[in-house]
Amino acid sequence: MPPALTDVTVRLFPGGVICRRTFPGRSDQIPRVRRFIRFLLEDSPCRDDAEQVVAELAANAITHTGSGRFNGTFTVKLTRRAGGVRITVYDRGGGATPRFDSRGDTDPFAEHGRGLALVAALASRVGCRGTRATGHAVWAELSPM
């Protein structure tokens, strides 16, 4: 069943669409975030990778920033164009600036610590802007194969 779209902001622009939705900062929202992206990208070759990317970025927002605190939230924005999609997750700040390069310091057997490296491997471009005080916008661009 598709997500309720009553709480989604949609903006059309020449050649694309932007959809935005805010979620409560709880781990039980990760499957909802995945369904949201899967629904919006039903006909896209980027769909599976986009689901994985948004799950990683949302989980990081909940785990490492104020988004995961009491009454915290995070926002997911999907920008879709003919050339691919861009997924941006906005957190509420308070955490360190995300690093996409592990610089070889990640234990390959650890349960955590490889999510952003996975995002970088799936995406054609990645980035982050913002600060601990203002919050971060962490994004990944995916191109159709």
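Residues numbered from 1 in each chain as written. Predicted model: local features only at pLDDT ≥ 70, side-chain atom pairs only at ≥ 80, totals over all residues. Heavy atoms only, no water.

(A) Spotlight on the overall build of the protein chain. In terms of regular secondary structure, the protein chain is built from 3 helices and 6 strands. Reading the helices (α) and strands (β) of the protein chain from amino to carboxyl end gives β-β-α-α-β-β-α-β-β. Scored against the burial criterion, the 145 residues of the protein chain give a buried share of 43%. Across the protein chain, the fraction of contacts at a sequence separation of at least 24, relative to all contacts at a separation of at least 6, is 60%. With an accessible surface of roughly 8200 Å², the protein chain has 52% of that area assigned to carbon and sulfur atoms. (Helix = DSSP H or I, 4+ residues; strand = E, 2+ residues; numbered from the N terminus. Buried < 20%, exposed > 50% of the residue type's maximum accessible area, 1.4 Å probe, protein only. Contact = heavy atoms within 4.5 Å. Areas by Shrake-Rupley, 256 points an atom, 1.4 Å probe, with all protein chains shown as cover.)

(B) Structural context of the nonpolar core. If you look at the biggest cluster of nonpolar residues, it comprises 32 residues, and the most contacted ones within it are Phe36, Ile37, Phe74, Val76 and Leu142. At the level of elements, β2 (16–24), α1 (30–40), α2 (47–64), β3 (73–81), β4 (84–90), α3 (115–122) and β6 (135–142) are the ones that each hand at least two residues to this core. Here this core gets 8 residues from one element, more than from any other, and that element is α2. Apart from residues no more than four positions distant in its own chain, Val76 is found in contact with Cys19, Arg20, Arg21, Phe23, Val33, Phe36, Ile37, Val54, Thr88 and Val89. (Core = buried A, V, L, I, M, F, W, Y, C linked by side-chain atoms within 4.5 Å.)

(C) Looking closely at the side chain of Thr75. With respect to the helices, strands and loops of the structure, Thr75 is situated in strand β3. Contacts of Thr75, omitting those with residues within four sequence positions, involve Arg20, Arg21, Thr22, Thr88, Val89, Tyr90 and Arg92.

(D) Fine view of the pairing of β2. Pairing between strand β1 (residues 9–13) and β2: 5 bridges, direction antiparallel. If you follow Val10 over to β2, its bridge partner there is Cys19. Turn length for the β1-β2 hairpin, with the two strands adjacent in sequence and antiparallel, is 2 residues, and the turn residue Gly15 shows positive phi of about 85°. (Pairing = 2+ DSSP bridges.)

(E) Region of the structure containing the confidence of the model for the protein chain. Across the protein chain, pLDDT averages 88, with 86% of residues at or above 70. No element of the protein chain has a lower mean pLDDT than α3, which averages 90, and none a higher one than β4, which averages 97. (pLDDT = per-residue confidence, 0-100.)

(F) Quick look at unusual backbone geometry. Notably, Asn71 is not glycine yet its phi reads approximately 65°, a positive angle. Within the element layout of this structure, Asn71 appears in the loop between α2 and β3. For Asn71, a relative accessible area of 65% corresponds to the exposed category.

(G) Main features of the sheet that holds β1. Strands sit in the order β1-β2-β3-β4-β6-β5 across an open sheet of 6 strands; the sheet is antiparallel. Each edge of the open sheet is held by one strand with a lone partner, namely β1 and β5 (125–131). Strand-to-strand twist across the sheet, computed as the mean angle between neighbouring axes with direction ignored, equals 15°. Note that β3 and β4 share 7 bridges and pair antiparallel. From the neighbouring strand, Arg81 faces β4, where its bridge partner is Gly84. (Axes fitted to C-alpha atoms, helices over the stretch in contact; angles between N-to-C directions.)

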